[in-house]
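Understanding the architecture of this molecule
One-letter residues, chain by chain:
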Amino acid sequence: MVCIFFVVCPAYCSDYFVDPNGNDSNPGTIDYPFATIPTAVTAATAGDTIYLRGGTHIYTTTISISKDGTSGSRYYMFAYPGERPVLDFSAMAESGSNRGIILSGDYWHIKGIDVYGAGDNGMNISGGSYNIIEFCRFYENHDTGLQIGGGATYNQIINCDSYYNADSSLENADGFAPKLDIGTGNYFYGCRSWQNLDDGYDGYLRPSDGILTTYENCWAFKNGYLKNGQASSGDGNGFKMGGSDDKTLRHNVILINCLSFQNAVKGFDQNNNKGSMTLYNCTAFNNGSYNYNIPLALASGSTATLTNCVYYLGSNSLGSFVVQTTNSWQSPFSVSSGDFVSVDPSAAYGPRQADGSLPDITFMHLAAGSDLIDGGTDVGLPYNGSAPDLGCYEYTVSNVDYPPASPAGLSATGYNGSVGLNWNDNSESDLDGYNIYRSTTSGSGYSKLNGSLLSNSNYTDDSVINNTTYYYVVTAVDVNEHESNYSSQVSATPADTDAPATPTGLIAGAGDQIVILGWNDNTEPDLAGYNIYRSTTSGSGYIKLNSSLLSSPDYSDSSVTNTITYYYVVTAVDTSSNESAHSGEVTAIPTIYGDFIVNGIVEIDDLAYLCNLWLVNDCEATTLADIDDDCTVNFYEFSAFANNWMIIPPDINAPAPPTGLSAMAGDATVSLNWNDNSESDLTGYNIYRSTTSGSGYSKLNSSLLSTSDYTDNSVINGTTYYYVVTAVDTSANESAYSSQVSTTPAAPVTSITIQENTDGYCGIDGTIDTNHNGYTGTGFANTTNDTGQSIDWSINVLATGTYTFTWRYANGSTTTRPGNLIINGSTVVSGISFPVTSDWDTWTTVSTNVSLTTGIKSISLESTTSDGLTNIDYVEITGPNLTTATCQ
């Protein structure tokens, strides 16, 4: 058990506060904080506490801490309660001299801070001794997250995480490194190290010899892989116990209850260490080459002791000098997935508990009935039962109330001013609700959004700012307030994508070489202005006339030629540059003379205007009608007027674009349907098709369609087609395109096979195992041995009919292990028999037929006896037409 000694500060101790929004000229109080840590360190004396406020503290140079406290009067640097400060060194260049924090002082206690992005180590304890580093995180630094050297002794690293550390040379960055010239007595407890480029914990030495480092309850996993999951060129070991340049130095190590899994190369590695290596109750799982690699006694003083250790999946390389006592690979033990509550390590990545301790997980915990329980040797560690268990977790007889599973299926969609979140319902019977966490930094810095638990598996976050990317995770909470690990992270960027309404009321009046336009004001509060478009072809070919947005709902077009017909539309644009659809189209024909009441037609109102001026000798009054500048409207002007009399423009108003277009694909056919247009002069429709979205359309019909439907039989299965429809009136005016729809015709799928790693697989009350030969895919489904245990799938039945379910299985037991087929919650076939095969490596099939209607079907095969189900390799479903479906 870890021991941390605290000293009660006498009354004269001081508190100093550092806030990224502070000022180093301030006195450092909570109301007037310092801006930087070095200023606070300079001000503090032994016994004082420096509180770092939450938020991002940006540093471009190393923070050096050299002051010494004493055993009775430490220095303290803590995160302010309830807050998490991030020391951001990411502006540093990558360089061996650009460390984040160098701690050379003694008796410091640093707790609750993040160190990110340093040009070398996140923290380097160089010569400093008797320090406590607690509940800190070191990530994405350009060398080891936390390194100890310079003769540093008796430091305690407690409940810290180090991850995603990588250098550009791709060879040096570890999670934790008590290495090179380290002193003795350093101690790691409850630490996690994952996805560091090189090793999780590196004990490589240079001048040191005969030192002791202790690791207790520490985890190392996925080291040798980068943040993006790709394999690195680093060594890829979990715990590298020693090694030296000349291979002569001894790094004595003790590892107690440590866990190492899925590292790229080795779980626990001697690395040519000549010292003593003692491993008590350690667990390894599926490491790349070896789980435990201690192959050679390199000197007379080399010793290695492995007691009560476990591995599952993989192999060991252990020399004959290694003293091995009651380990899982020794007689009489036999290890399988059934020895463990879970072999799914995903929960190990989850958040720590509020006090900084490791998350509660079931991974590699011993399951009831395992022969590893009470099978160990007493090495002086506490245990339950008649003897110690094997591995890093003692089995407890009492019913353990584990936290819920992490919610699955989280998705996020950005909207205008909000983000919509949705996830799959958890299935625990004692589930109480969910919590949503949000950050603006990927992978860290989450804050809870909901005040009380959410009862539904969806949430709308409307406290967002458009064009900012947000990262979300969700957790599940049970009635005993146990909270699950974080779900997988998703992100979304809300943005204003809502275009303004289409402007209404557009009118056009034509005069001599001018068209005057007007329309109704839009009412959106974020309206930025309008665009005017013109064409000489109805419904297409529009060119924007204005170079900048129009601020008012009117426009005069003086770039026109008399007697040419022009077509205009207007759009509205908001402050996010979203543009509305085109308004209704209007036409105008500018004329040389005669259209005094400007509407494009010389008619009776214009005649009345002209007659009122007949023979009036008034230069000012007759200016609009006087052609020969004699200040009189006479026969000359009347003759010019008469030439334009009742020239009525043709019907150039196209119908509205059709709405409601839909497409349904079949086998080498596509059925189209849309809403009827309502124009009284409508004569029919045209259908256009393309294999490119938004362009390249070709008309399919040779004559106008009289009904609002069409069947396209000239398609090829597997090709995606894009369709639009237009409406045409009796004057041959054709509307703009409707909204586009697309679909892909395909032949019916008559058979699907669902493996544990394919679409349609939804889950199991048990595990996916690989310890028997002959399976296909990535493994086989092995339910827990109990009644009511199920394997679940989801399909979409596209045609009503009879469907055949075929399971490939192996049954090496002595019973048939029957199961019920349950579809959408109802048992449709009872007691399906899975007869015994010769052994668990022999596979065969069993089938049953079921009549199904169309729709999504949730499928379960559920055990009916306490033996559970047999091992299932896959399910094959055959019938008229079906696909896999998203799990419900």
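Our subject is the structure listed above.
Let me sum up the structure you'll find in this document.

1. Topic: the overall build of the protein
Across its full length, the protein holds 3 helices and 65 strands. Taken against the 2.2 N^0.38 rule, which gives 29 Å for 888 residues, the C-alpha radius of gyration of the protein at 39 Å runs more than 25% over that of a compact globule. With respect to the three principal axes, the spread of C-alpha positions in the protein is 130 × 80 × 50 Å. Expressed as a percentage of its 888 residues, the buried residues of the protein come to 49%. Restricting to contacts in the protein with at least 6 residues of sequence separation, those with at least 24 account for 68%. Summed over all atoms, the accessible surface of the protein reaches about 37900 Å², with 48% contributed by carbon and sulfur. Distance between charge centroids for the protein: 17 Å, based on 27 positive and 91 negative side chains.

2. What to know about the sheet that holds strand 36 (residues 447-448)
If you walk across this open sheet you meet the 4 strands as 36-35-38-39, and the pairing is antiparallel. The open sheet is flanked by strand 36 and strand 39 (490-492), the only strands paired with a single partner. Inspection of the sheet shows strand 35 (residues 431-439) paired to strand 38 (residues 470-478) by 8 bridges, in the antiparallel sense. Residue pairing in the sheet places Ile-436 in a bridge with Val-474 of strand 38.

3. Observations concerning the state of the cysteines
Tallying each qualifying case throughout the model produces 2 disulfides. A sulfur-sulfur separation of 1.6 Å characterises the disulfide bridge that pairs Cys-619 with Cys-631. Taking the torsion about the sulfur-sulfur bond, which here is approximately 90°, the covalent link between Cys-619 and Cys-631 counts as right-handed. Of the two residues, Cys-619 is situated in the loop between helix 2 (604-612) and helix 3 (635-643) and Cys-631 in the loop between helix 2 and helix 3; the sequence distance between them amounts to 12 residues. Disulfide pairing places Cys-762 opposite Cys-887 at an S-S distance of 2.0 Å. Every disulfide takes its handedness from the sign of the S-S torsion; for Cys-762 and Cys-887 that torsion is -95°, giving left-handed. Here Cys-887 lies in the segment after strand 65 (882-884) and Cys-762 lies in strand 55 (residues 761-764), a separation of 125 residues in the sequence. For Cys-762, a relative accessible area of 31% gives the class partly exposed.

4. Observations regarding the pairing of strand 47 (residues 662-666)
As paired strands, strand 47 and strand 48 (residues 669-673) are joined by 5 bridges and run antiparallel to one another. Along strand 48, the bridge assignment pairs Ser-662 with Asn-673.

5. Side note on the sheet that holds strand 52 (residues 721-729)
The 4 strands are arranged 50-49-52-53 in an open sheet whose pairing can be described as antiparallel. Strands with a single pairing partner mark the edges of an open sheet, and in this sheet they are strand 50 (698-699) and strand 53 (741-743). Pairing of strand 49 (residues 682-690) with strand 52, which is carried by 8 bridges, proceeds in the antiparallel orientation. Each bridged residue has a counterpart across the sheet, and for Arg-689 the counterpart in strand 52 is Tyr-723.

6. Concerning the layout of surface pockets
The method is simple in principle: a probe with the dimensions of a water molecule rolls over the atoms, and the space it marks as empty is what remains. Of the pockets and cavities examined, the second largest pocket occupies roughly 350 Å³. In this structure, the second largest pocket is lined by 16 residues; those nearest its centre are Ser-583, Gly-584, Glu-585, Pro-657 and Ala-736. Partitioned by chemical class, the residues of the lining of the second largest pocket number 8 nonpolar, 7 polar and 1 charged.

7. Brief notes about a nonpolar patch on the surface
A cluster of nonpolar residues, Trp-614, Leu-615, Phe-635 and Phe-638, forms a patch on the protein surface that exposes about 430 Å² of accessible area. Tracing the backbone shows Trp-614 in the loop between helix 2 and helix 3.

8. Looking at the nonpolar core
By size, the foremost hydrophobic cluster in this structure holds 62 residues, and its most contacted members are Ile-133, Ile-157, Leu-255 and Leu-279. Ranked by residues supplied to this core, first place goes to helix 1 (residues 37-43) with 3 residues. Here Leu-279 is in contact with Met-241, Leu-255, Phe-268, Tyr-292, Ile-294, Thr-305, Leu-306, Thr-307 and Cys-309, once residues within four sequence places are set aside. If you look at the next biggest cluster of nonpolar residues, it comprises 28 residues, including Val-797, Tyr-803, Ile-859 and Val-875.

9. Description of the environment of Pro-590
By the secondary structure assignment, Pro-590 is in the loop between strand 46 (586-588) and helix 2. Through-space distance from the C-alpha of Pro-590 to that of Thr-561 is 6.9 Å; in sequence the pair is 29 residues apart.

10. Side note on empty space enclosed by the protein
For the coordinates displayed, the defined rule picks out 1 cavity of 30 Å³ or more. Considered as a void within the structure, the largest cavity measures approximately 50 Å³ in volume. Lining the largest cavity, in full, are Ile-754, Gln-755, Glu-756, Tyr-761, Ala-781, Ile-791, Trp-793, Ile-872, Asp-873, Tyr-874 and Val-875. Among the secondary structure elements, those contributing two or more residues to the lining of the largest cavity are strand 58 (790-797) and strand 64 (871-878).

What counts as what
- Residues numbered from 1 in each chain as written.
- Predicted model: local features only at pLDDT ≥ 70, side-chain atom pairs only at ≥ 80, totals over all residues.
- Heavy atoms only, no water.
- Helix = DSSP H or I, 4+ residues; strand = E, 2+ residues; numbered from the N terminus.
- Rg over C-alpha atoms; globule rule 2.2 N^0.38 Å.
- Buried < 20%, exposed > 50% of the residue type's maximum accessible area, 1.4 Å probe, protein only.
- Contact = heavy atoms within 4.5 Å.
- Areas by Shrake-Rupley, 256 points an atom, 1.4 Å probe, with all protein chains shown as cover.
- Lys, Arg positive; Asp, Glu negative; His and termini not counted.
- Charge placed at Lys NZ, Arg CZ, Asp CG, Glu CD.
- Pairing = 2+ DSSP bridges.
- Disulfide = S-S within 2.5 Å.
- 1 Å grid on protein atoms, 1.4 Å probe; cavity = no way out; pocket = protein on both sides within 12 Å on 5 of 7 lines; lining within 4 Å.
- Points joined across faces, edges and corners; volume = space filled by probe spheres on them.
- Nonpolar A, V, L, I, M, F, W, Y, C, P; charged D, E, K, R; others polar.
- Patch = residues over 30% accessible without salt bridge, like charges linked within 9 Å, V, L, I, M, F, W, Y side chains within 5 Å.
- Salt bridge = Lys/Arg side-chain N within 4 Å of Asp/Glu carboxyl O.
- Core = buried A, V, L, I, M, F, W, Y, C linked by side-chain atoms within 4.5 Å.

Function cannot be inferred from these measures alone, as they are strictly geometric.
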